[in-house]
Amino acid sequence: MEISDKLLCLFSADVTLKGDEYVVSVPRREIDTGSVEPGETYRVALISRETEEESDDEQTATTTTQSSTNTSTGSVSSEPQPPVEAGEIRYVEVEDIGKQGDGIARVERGYVIIVPGAEIGERVKVEITEVKSNFAVGEIIEEEF
């Protein structure tokens, strides 16, 4: 699946019926962090949930591959560039639990952040402690922001 580099935010939401309309609610944290502005119009893409049979490797492989320049050789690499850096602080919502029991959150372009000790639906503030090409690990520094 290819996800646009223009992706502003990624979250899970239920579709609810209000009168004659179906509504997808944007979490308050997306407004608070400045990803989305009230009153603006946005394009919305709906992505089905992964099946339980998918492995963690398949789930993390959904990141978009983009070209980048290798600074040491000047050549173009097809490796994706992680949207996070070690030491960075992020606010995330845990969407799934991996096979090892760790929480899984997704950020830009579907990039996975593994959050040990987190449960589905938890919104936590994490510090990124390890960064790989297709996933990162974040340590909880504040629960339920």
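Use the structure listed above.
Residues numbered from 1 in each chain as written. Predicted model: local features only at pLDDT ≥ 70, side-chain atom pairs only at ≥ 80, totals over all residues. Heavy atoms only, no water.

Participant: Explain the overall build of the protein here, please?
Facilitator: What the protein contains, in helices and strands, is two helices and nine strands. Starting at the N terminus, the α and β elements of the protein follow one another as β-β-α-α-β-β-β-β-β-β-β. Buried positions account for 28% of the 145 residues belonging to the protein. Surface accessibility of the protein: about 9700 Å² in total, with carbon and sulfur atoms responsible for 46%. (Helix = DSSP H or I, 4+ residues; strand = E, 2+ residues; numbered from the N terminus. Buried < 20%, exposed > 50% of the residue type's maximum accessible area, 1.4 Å probe, protein only. Areas by Shrake-Rupley, 256 points an atom, 1.4 Å probe, with all protein chains shown as cover.)

Participant: Please explain the nonpolar core as it appears in this structure.
Facilitator: The nonpolar side chains of soluble globular proteins are, as a tendency, buried together. Counting residues in each nonpolar core, the largest one holds 13 residues, and the members touching the most others are Val 84, Val 92, Ile 113, Val 115, Val 126, Ile 128 and Ala 136. Going through the elements one at a time, strand S5 (89–97), strand S7 (112–115) and strand S8 (123–131) are the ones with two or more residues in this core. (Core = buried A, V, L, I, M, F, W, Y, C linked by side-chain atoms within 4.5 Å.)

Participant: Would you mind going over the pattern of salt bridges with me for this structure?
Facilitator: Working definition: two side chains of opposite charge can pair if their charged atoms are close together. This model, assessed by the stated rule, comprises six salt bridges. Across the pair Glu 88 and Arg 90 runs a salt bridge, and its minimum N-O distance is 2.8 Å. Assessed through its relative accessible area of 14%, Arg 90 is described here as buried. Across the salt bridge formed by Glu 130 and Lys 132, the nearest N and O atoms sit 3.7 Å from each other. (Salt bridge = Lys/Arg side-chain N within 4 Å of Asp/Glu carboxyl O.)

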